[in-house]
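In case you want the letters, here they are:
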Amino acid sequence: MGFGDLKSASGLKVLNDFLSDRSYIEGLPGVKKPLGQYGPPGVADTTTSSVPAADSKDDDDDDIDLFGSEDEEDAEAARLKEERLAEYAAKKAKKPALIAKSSILLDVKPWDDETDMMKLEECVRSIQMDGLVWGQSKLVPVGYGIKKLQIGCVVEDDKVGTDILEEHITAFEDYVQSMDIAAFNKI
């Protein structure tokens, strides 16, 4: 069917009248067919028939609960939840608490090359605290014949701090010039 000149009022009126009872124009690409034309041939289009809507007298759909009743299972779910929380708390109480530890590598520098490094190490290792474990040590050359003591230790973070450790080590004023932290790693 031709609509004429769509730029004129008469052509638009013909098109408008044609589309008043249809939502499509046949023959154009990408235009949908009426719903009855889809499917197997010979089957009538039931979408345009005047079938009355479902009776509204049975609007009470309370008999069918698609998502489950919250009222009936609320007490059971609460009891189950409390049971599981109690089991989890008991299991967690049995587990020992995690103790935060750190591995520290200390550089202890002597005053000069004449300082007795064995006595210096003995003094450092004499520091005993709860949560402090001394590890290996070695003498590292600094320069001009001076060697520094490099010693490792493992500390519990809550019990031993680096500032307390530094105070105790630098208290040996006859042997220790200064102390630095070469490495600090959380375990």
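Located above this text is the structure these notes cover.
A quick note: this is a predicted structure, and the numbers were derived from the prediction, not measured.

Cut-offs and rules
Residues numbered from 1 in each chain as written. Predicted model: local features only at pLDDT ≥ 70, side-chain atom pairs only at ≥ 80, totals over all residues. Heavy atoms only, no water. Salt bridge = Lys/Arg side-chain N within 4 Å of Asp/Glu carboxyl O. Helix = DSSP H or I, 4+ residues; strand = E, 2+ residues; numbered from the N terminus. Buried < 20%, exposed > 50% of the residue type's maximum accessible area, 1.4 Å probe, protein only. Pairing = 2+ DSSP bridges. Axes fitted to C-alpha atoms, helices over the stretch in contact; angles between N-to-C directions.

### Considering the pattern of salt bridges
Then comes step 1: Under the defined criterion, the tally for this structure stands at eleven salt bridges.
Then comes step 2: For the salt bridge of Asp107 with Lys148, the shortest nitrogen-to-oxygen distance reads 3.0 Å. Of this pair, Asp107 sits in strand E1 (residues 101-110) while Lys148 sits in strand E3 (residues 146-156); the two residues are 41 residues apart in sequence, bridging distant segments of the chain.
Then comes step 3: Under the relative-accessibility criterion, Lys148 is labelled buried at 16%.

### Section: the sheet that holds strand E2 (residues 132-143)
Then comes step 1: Taken in spatial order, the four strands of this open sheet run E2-E3-E1-E4, and their pairing is antiparallel. With one partner strand each, in any of the chains shown, E2 and strand E4 (176-186) form the two edges of the open sheet. This sheet shows a mean twist of 20° between the axes of neighbouring strands, independent of strand direction.
Then comes step 2: By the bridge criterion, nine bridges tie E1 to E4 in an arrangement that is antiparallel.

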